Amino acid sequence: QAPVLNIVIGSHVWVADKDLTWIDGEVFKIDGQNAHVCTTKGKTVTANVSDIHPKDTEAPPDGVDDMTRLSYLHEPGVLDNLAVRYAKNIIYTYTGNILIAINPFQRLPNLVDVQTMEKYKGANLGDLDPHVFAIADVSYRQMMNEGKSNSILVSGESGAGKTETTKLLMRYLAFLGGRSGTGGRTVEQQVLESNPVLEAFGNAKTVRNNNSSRFGKFVELQFDKSGKISGAAIRTYLLERSRVCQTSSPERNYHCFYFLCSAPSEDIKKYKLGDPSSFHYLNQSSCIRVDGINDAEEYLATRNAMDMVGITEEEQEAIFRVVAAVLHLGNISFAKGTEADSSVIKDAKSRFHLNTAGELLMCDCEKLENALIKREINTPEGVITTTVGPNSATVSRDGFAKQIYSRLFDWLVNRINASIGQDPSSDKLIGVLDIYGFESFKTNSFEQLCINFTNEKLQQHFNQNVFKMEQEEYTREQINWSYIEFVDNQDVLDLIEKVRVGRCYMH
Ligand SMILES: Nc1ncnc2c1ncn2[C@@H]1O[C@H](COP(=O)(O)OP(=O)(O)OP(=O)(O)O)[C@@H](O)[C@H]1O
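These numbers were taken from a predicted model, which means no experiment stands behind them.

What counts, and where the lines are drawn
Residues numbered from 1 in each chain as written. Predicted model: local features only at pLDDT ≥ 70, side-chain atom pairs only at ≥ 80, totals over all residues. Near = placed C-beta within 6 Å. Helix = DSSP H or I, 4+ residues; strand = E, 2+ residues; numbered from the N terminus. Nonpolar A, V, L, I, M, F, W, Y, C, P; charged D, E, K, R; others polar. Domains from an automatic or database assignment. Expected span 1.5 Å × (residues − 1). Bend = angle between axes of the 7 residues up to and from the residue. Pairing = 2+ DSSP bridges. Contact = placed C-beta atoms within 7 Å. UniProt positions renumbered as here; feature names shortened; annotations may be inferred. Buried ≥ 20, exposed ≤ 12 C-beta atoms within 10 Å, placed from the backbone. Axes fitted to C-alpha atoms, helices over the stretch in contact; angles between N-to-C directions. Core = buried A, V, L, I, M, F, W, Y, C linked by C-beta atoms within 7 Å. Parallel < 35°, antiparallel > 145°, perpendicular 65-115°, else oblique. Left-handed = near helix turned anticlockwise from the far one by under 90°.

Around the ligand, a shell composed of 17 residues is seen, among which Gly161, Lys162, Thr163, Glu164 and Ser212 lie nearest. Of all the secondary-structure elements, those providing two or more residues to the shell around the ligand are α4 (162-177) and β10 (212-213). Ranked by residues supplied to the shell around the ligand, first place goes to α4 with three residues. Considered class by class, the residues forming the shell around the ligand number three nonpolar, eleven polar and three charged.

Okay, here's the thing in structure tokens:
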């Protein structure tokens, strides 16, 4: 616990600042509860003594590589330490055995090359500079020495660098447990090569990140007795389905739609595609192209990555037929029918898209039309078919598009897993969890509730392991220690987990 310090005239302190978050300065006057601070930027600020924090004037100029070594472990101290290091391109810092990684937004020289991997192999945590490889190394060594499976959790807000960090972890684990010289593609190669496929179908440009993963991912690497990777499984969670039908500027839909619209002309002809701006599911946002993403090249790269993970040419054709069908579905509009609460396909253009979607999905176009403009209701007396108005037909269309897209995504993940192969005899594994961070928008949907609840569960797991269990051990062993205050979020979990769900019947 940080010692409670007396703030006196001459104290060096941190005070809140609306632009810089925290600014440092020196107290020159105190009246009652108010401290007057002259900041290093030359401003004079007055703040309540309880809102200002002491600054360590003897902190090393390069910061400390483990936050537990800070004299004052408060927010401005932590942020300043990270900022000082970041300014010197040092992006990794420990807090005990947790690694904090800051997104460098550039490839830093020698940070992740093979020589660096060699350096971290077998080194004790803390002997070398903080690094994501050190974390992977510890989990691997522990697994080998104690026979215990391990999981590495990568969390942070959107754009923080989780996916890139996950890829580095996988690369390092592949380096430690890879099989050199085996014929064909190894498990670890296939896992790494599955990334571009998953990213094409599950990533999109968002406000915060041009390549934002819109799904959670748990990669499980299975190891044999000698510590070599013998199998792997990728599990994905909660693909953001709403994005398939709804996007707003400056975001985009899933990458694969734009990639396919930039495919070579024979594919464009085959799938009856055109410019992305001619499709409703893409043109709700004015953002069609993204700096740094060449959709035509990415289409070919995705096809290539699919070859690598063993997805056959025929399967690839079927995958892109579904992608194109989703775009055509989105262009079907409905008009009011002659009877009340009924609808018809609006015009010839919509009919063309309906027929094309039907052809691509290899289904009967009339049945597809009926599925959109009619509704079947199961009653005790049997099935009743009614017509629906244009608004309901549009909802059905979007629901159908979302459903087939998310099923396509799940199918892809299963297909990749089948191709990589599992090792049923493996009893040791390392899992890497790359999960959505906490999200809070102006309007929050059920998806955000699930994401935030998951984050609360993970926080509780962290609290359990870092605070509760440690402190219980100190008490058990009668070690003299001072209690560390932490915010226990158990109440939040109880609120959701223990709530009695009432049933609601619709009549
Ligand atoms: N270690 C790194 N080195 C270089 N660039 C990086 C690194 N980490 C992240 N970046 C850059 O930042 C971008 C965003 O990172 P990333 O996609 O990993 O974020 P994320 O936390 O997974 O975001 P989201 O939750 O939106 O998926 C990357 O596309 C890359 O340009």
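Okay, back to it.
Take the domain arrangement of the protein next. Domain assignment breaks the protein into domain 1 (12-54), domain 2 (98-309 + 421-438), domain 3 (327-406) and domain 4 (439-507). Distance from the C-alpha centre of domain 2 to the C-alpha centre of domain 4: 28 Å. Residues that form the side of domain 2 that touches domain 4 fall into these classes: five nonpolar, two polar and one charged.

When the terminal C-alpha atoms of helix α14 (residues 446-476) are compared, their 42 Å separation across 31 residues agrees well with the 45 Å that a helix rising 1.5 Å per residue should span. At Gln464, α14 shows its maximal bend, which comes to roughly 40°. Phi turns positive, to about 55°, at Gln478, one or two residues after α14.

In space, the five strands of this open sheet follow the order β4-β3-β2-β1-β5, with antiparallel pairing throughout. Of all strands in the sheet, those bounded by a partner on one side alone are β4 (44-48) and β5 (53-54). In this sheet, β5 lies alongside strand β1 (residues 12-17) in antiparallel orientation, the contact comprising two bridges. If you follow Val13 over to β5, its bridge partner there is Pro54.

In this section: the environment of Gly421. Secondary-structure assignment places Gly421 in the loop between α13 (390-420) and β17 (428-434). Distance from Gly421 to Ser230, taken between C-alpha atoms, is 8.5 Å for residues 191 residues apart in sequence. Beyond its immediate stretch of four places on either side in the chain, Gly421 contacts Val187 and Gly231.

It is worth spelling out the UniProt feature "domain: Myosin N-terminal SH3-like" (unreviewed entry) in the protein at this point. What UniProt calls "domain: Myosin N-terminal SH3-like" (unreviewed entry) maps, in this numbering, to residues 8-57. Between the end C-alpha atoms of residues 8-57 the distance is 15 Å, and the span holds 0% helix and 60% strand.

Among the six residues that make up strand β16 (residues 382-387), zero are buried, leaving the element largely open to the surroundings. Bridging between strand β15 (residues 374-379) and β16 involves six bridges; their strand directions are antiparallel. When the sheet's bridge partners are listed, Glu376 is paired in β16 with Thr385.

Pairing is mixed in the open sheet, where four strands are placed in the order β8-β17-β11-β12. Each of the sheet's edge strands pairs with one partner strand only, and the pair in question is β8 (150-154) and β12 (229-237). For this sheet the average axis-to-axis angle between neighbouring strands, irrespective of direction, equals 15°. Here helix α3 (residues 132-146) sits on the sheet and contacts β8, β11 (216-223) and β17; the angle it forms with β8, its principal contact strand, is near 165°.

Moving on: the nonpolar core. Most often, soluble globular proteins have nonpolar side chains that are buried together. By size, the foremost hydrophobic cluster in this structure holds 83 residues, and its most contacted members are Leu173 and Leu260. Per-element tally for this core: the top contributor is α13, with nine residues. Mapping this core onto the domain boundaries places at least three of its residues in each of domain 2 (98-309 + 421-438) and domain 3 (327-406). Setting aside anything within four residues of it in sequence, one finds Leu260 in contact with Tyr271, Leu273, Tyr299, Phe320, Val323 and Ala324. If you look at the next biggest cluster of nonpolar residues, it comprises eight residues, including Val13, Trp14, Val15 and Val27.

Before going further, it helps to examine the packing of α3 against α4. In contact at an axis separation of 9 Å, α3 and α4 are set at 50° when each is read in the N-to-C sense. It follows that α3 is oblique to α4 by the angle criterion. By crossing handedness, the relation of α3 to α4 is classed as right-handed. Where α3 approaches α4, its residues Val132, Phe133, Ala136 and Tyr140 are matched on the opposing element by Thr165, Leu168, Leu169, Tyr172, Leu173 and Leu176. Broken down by class, the residue content of the contact of α3 with α4 amounts to nine nonpolar, one polar and no charged.

Turning our eyes to something else, we now look at the packing of α14 against helix α15 (residues 490-497). One can describe the packing of α14 onto α15 by two numbers: an axis separation of 9 Å at closest approach and a directional angle of 135°. The orientation of α14 with respect to α15, classified from their angle, is oblique. The way α14 lies across α15 gives a crossing that is left-handed. Mapping the contact onto sequence places Phe453, Glu456, Lys457 and Gln460 in α14 and Gln490, Val492, Leu493 and Ile496 in α15. Split by residue class, the contact of α14 with α15 holds four nonpolar, two polar and two charged.

Bridge count between β8 and β17: five bridges; the pairing is parallel. Opposite Ser151, over in β17, you have Gly431 as the bridge partner.

Moving on, we get to unusual backbone geometry. Here Ser249 and Pro250 are connected by a cis peptide whose omega angle stands at 0°. A positive phi angle is found at Thr21, which is not glycine, with a value near 70°. Relative to the assigned elements, Thr21 resides in strand β2 (residues 21-31). Assessed through the 12 C-beta atoms surrounding it within 10 Å, Thr21 is described here as exposed. At Asn110, a position not held by glycine, the phi torsion is positive, near 60°. Tracing the backbone shows Asn110 in the loop between β7 (98-101) and α2 (114-120). C-beta crowding within 10 Å serves as the criterion here: with 7 such atoms nearby, Asn110 is assigned to the exposed category.

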